[in-house]
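Chain and residue survey
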Amino acid sequence: MAHAVISCLHANLAALEAVLSDIDQRGIKTITCLGDLVGYGPHPNEVVNLVRERGIPSCQGCWDEDIIEGLNACECSYPSQLAERRGHRAHQWTAEQLNDDNKAFLASLPMVLRRDRLVFVHGSPNSQHEYLLPDMDAFAALERVQTADADILFCGHTHRPYVRELRDGVIRVRVQTPMGSQPAAERETAWPVRRIVNAGSVGEPRHGNTHATYVIHDEATGNVEIREVPYDVERTCRAIVEVGLPPVFAWRLRHGFEYAERADDASHVCER
Amino acid sequence: MSQTWLISGPPGCGKTSWILEQFKVHRGPSGYLRLTGYPDEGLAQARDGGLDLAYLSDQCPALLDLGDPDQALAPHPADLLALIELPQFHPPAQPGLEGVDRRVLPQLQALHLTPDRHLHFGRDSELPQQDTLDFSHLQAWSLNLNTTVWDPDSLSSFWFELVNGAYGDVYRAKALMNLPDGRAFFCNWMVSQEASQFLPLQLLSPPDGRPERLSRLVVQGKDLDPVAIEATLRECLLSDAVLELQQAPLRQRHTPPTRSA
């Protein structure tokens, strides 16, 4: 059975509608969302409403959390003062626009979703704010998948889709007893193949062009397809300006740049 | 024997860079003057505000400022190389000194400067050719940024957006920008170039409050949005409190103002 995984919608209704249409055309009935339904984009209520109407199971993203909990991330979350100011303005605007019912919905979202050996998170099993980058140290990457007790870990947050296969993983442990009273105990564990699948971003692509991205995973064959879906970018750009969000968000989206720059140290996890 | 050359050309053709190269190879004293230039139909001249002079003076500390009457009218050394920069959109009608724009002569005469040579970018093969563009319409906008200090990462983002069209079609941008650690950069971009230059100034300021050196942004292009540029600028500049927070640790290992290696 094929299922679709979407992530990082960022209140971009035009992009979400195009992606859902693409999924529907393929007859796929099971969709999972990895969070960040809101933030930066101009249609927070409309996007949350559509996800709820479609009954799409979602986990909570970092923006969803911040809208509910209040912005209390440390400054490290932003790569620059400019990005921080813009982020705060987008946060304030989104918090003002979202109705109480939708805020309660976002607050109810779990951090992790599981379906058998498939695990779904926004950033990593550790935090909605942690980036699992494609070139992350293999041992650390394997640790994240293993900790989640998953065969495939689906994540988002980076806005760049990828499939990473972790094979030939071996952990060798040697336990030395005090004073050498006994021979050192050794244990070696070989890990089966694990995969990390990043779904990219529906509403704020960062892969080099303006198309929304998501993934389709076929559980029977194991195949993962990264889908790119063109959508009416100008519709979203016009709405950004009309609702009073910073016009530069529209310019960045129109050119395939993310709304705000990514932190230099993307592996950093905010300790709040 | 002293030499006085008039170097003219359109925005971003490399006048200042070429002049700097001449100063660096000239063994004797050097002097510099930047004339204002004249607007043409649909073409506005940038208000440089002393930006090029500030950069050249940093690179050549003994440079004579020929725009200063005291220095211009003083007896000149015999081997002085005086280079006069003139922004000029279109090539002169006449070759050599015959082609000098007559309107600049009163400015030169007031400073007792008489060019003995005139080179124009795009006309004279002695000058680089590759960056000479022919503009049909050009707005100019500039902003005094004296005493401002940038958040370095914000400067990087702002400059990226500026030269890639977030605030209008920018053909030419140059600036002197201060960083909290006392460094300053001459930022230089032209639409015909692949990338911006970020050239560090030699003279470092002490990390003790706001620097006194000239700081300025000069932009030329079409459909510029100065309101949006200024709004973004304000979000990139450091407040007194943040500046102090960043400079306090630097002061402990600070040595008196010096020139970078």
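Here the residue numbering is sequential within each chain, running from 1 through the sequence in written order. Ligands are numbered from 1 and chains lettered from A, in the order in which they are written. Since the coordinates come from a predicted model, pLDDT governs what is reported: local features require at least 70, and pairs of side-chain atoms require 80 or more to be given and counted, while whole-chain, interface and lining totals use all residues.

**Some thoughts on the overall build of chain A**
Only DSSP runs of H or I with at least four residues qualify as helices, and only runs of E with at least two residues qualify as strands; both kinds are numbered from the N terminus onward. Helix and strand counts for chain A come out as eight helices and eleven strands. Its C-alpha atoms give chain A a radius of gyration of 20 Å, within 12% of the compact-globule value 19 Å for 272 residues. Taken over the C-alpha atoms alone, chain A extends approximately 75 × 45 × 35 Å along its principal axes. Think of it as a crowd count around each C-beta: if 20 or more other C-beta atoms lie within 10 Å the residue is buried, if 12 or fewer it is exposed, and in between it is partly exposed, with C-beta placed from the backbone throughout. Of all 272 residues assigned to chain A, the portion counted as buried reaches 43%. Placing C-beta atoms from the backbone, we regard two residues as in contact once those atoms come within 7 Å. Counted over contacts in chain A with a minimum sequence separation of 6, partners at least 24 positions apart contribute 75%. Note that the radius of gyration is over C-alpha atoms, with the globule rule given as 2.2 Å times the number of residues to the power 0.38.

**Examining the interface of chain B and chain A**
Many descriptions give the size of an interface as the accessible area lost when the pieces come together. Contacts between chain B and chain A engage eleven residues on the former and ten residues on the latter. Of all the secondary-structure elements, those providing two or more residues to the side of chain B that touches chain A are α5 (152-163) and α6 (226-236) of chain B. A total of five residues in the side of chain B that touches chain A trace back to one element, the largest contributor, which is α5(B). Of the residues assigned to the side of chain B that touches chain A, the class counts are four nonpolar, three polar and four charged. Throughout this entry, Asp, Glu, Lys and Arg are counted as charged residues, while Ala, Val, Leu, Ile, Met, Phe, Trp, Tyr, Cys and Pro are counted as nonpolar. The remaining residues, Gly among them, count as polar.

**Observations concerning the sheet that holds strand β5 (residues 117-120) of chain B**
All names here are of chain B. In short, DSSP must find at least two bridges between two strands for them to pair. With parallel pairing, five strands are arranged side by side in an open sheet as β3-β2-β4-β1-β5. The open sheet has two edge strands with one neighbour each: β3 (64-65) and β5. Inspection of the sheet shows strand β1 (residues 3-9) paired to strand β4 (residues 81-87) by seven bridges, in the parallel sense. Bridged to S8 within β4 is L86. Across the sheet, helix α1 (residues 15-25) lies against β1, β2 (30-34) and β4, angled at about 175° from β4, the strand it touches most. Packing of helix α2 (residues 51-59) onto the sheet brings it into contact with β2, β3 and β4, and relative to β2 it is tilted by some 165°. Fitted lines through C-alpha atoms give the axes, limited to the stretch in contact for helices. The angle between two N-to-C directions lies from 0 to 180 degrees.

**So, the environment of A:P205**
Residue and element names in this part refer to chain A. By the secondary structure assignment, P205 is in the loop between β9 (194-198) and β10 (212-218). Distance in space between the C-alpha atoms of P205 and E186 is 46 Å, their sequence separation being 19 residues. Sequence-distant contacts of P205, that is, excluding residues within four places in its chain, are made with H159, G200, T210, H211, A212, T213 and G256.

**Things to note about the domain arrangement of chain B**
All names here are of chain B. Domain delimitation in this document rests on an assignment produced automatically or drawn from a domain database. When its domains are assigned, chain B resolves into domain 1 (3-120) and domain 2 (140-251). Distance between the C-alpha centres of domain 1 and domain 2: 25 Å. On the side of domain 2, 17 residues touch domain 1, which itself brings 14 residues to the contact. Along the lines of polarity and charge, the residues of the side of domain 1 that touches domain 2 split into six nonpolar, five polar and three charged.

**Regarding the sheet that holds β10(A)**
Residue and element names in this part refer to chain A. The strand order β2-β1-β10-β11 describes an open sheet built from four strands, whose pairing is mixed. Two strands bound the open sheet, and with one partner strand each, they are β2 (30-33) and β11 (224-229). If you compare each strand with its neighbour and ignore which way they point, the axes differ by 25° on average. In terms of strand pairing, strand β1 (residues 2-6) meets β10 through four bridges, oriented antiparallel. Paired with H3 across the strands is H217, a residue of β10.

**Concerning the packing of helix α2 (residues 44-53) of chain A against helix α5 (residues 100-108) of chain A**
Packed helix pairs are specified by the crossing angle of their axes together with the interaxial distance, meaning the distance between the axes. Residues and elements named next belong to chain A. Interhelical geometry of α2 versus α5 gives an angle of 60° and a closest axis separation of 10 Å. As the angle between them shows, α2 and α5 are arranged oblique. Judged by the sense of rotation from one axis to the other, the crossing of α2 with α5 is left-handed. Where α2 approaches α5, its residues N45, V48 and R52 are matched on the opposing element by N102, F105 and L106. For the contact of α2 with α5, a count of residues per class yields three nonpolar, two polar and one charged. Throughout this description, any angle smaller than 35 degrees is read as roughly parallel, any larger than 145 degrees as roughly antiparallel, any in the 65 to 115 degree range as roughly perpendicular, and the remainder as oblique. Handedness of a helix crossing follows the sense of rotation of the near helix relative to the far helix, less than a right angle counterclockwise being left-handed and clockwise being right-handed.

**Considerations on the environment of B:R103**
Residues and elements named next belong to chain B. With respect to the element layout, R103 can be found in the loop between β4 and α4 (105-110). Judged by C-beta crowding, with 11 C-beta atoms within 10 Å, R103 ranks as exposed. In this structure the C-alpha to C-alpha distance between R103 and L51, which are 52 residues apart in sequence, comes to 23 Å.

**A look at unusual backbone geometry**
In this structure, A:D36 is a non-glycine residue whose phi angle is positive, near 55°. Here A:D36 is to be found in the loop between β2 and α2. We classify A:D36 as buried; it has 32 C-beta atoms within 10 Å. The residue B:H112 is not glycine, and still its phi comes out positive at about 55°.

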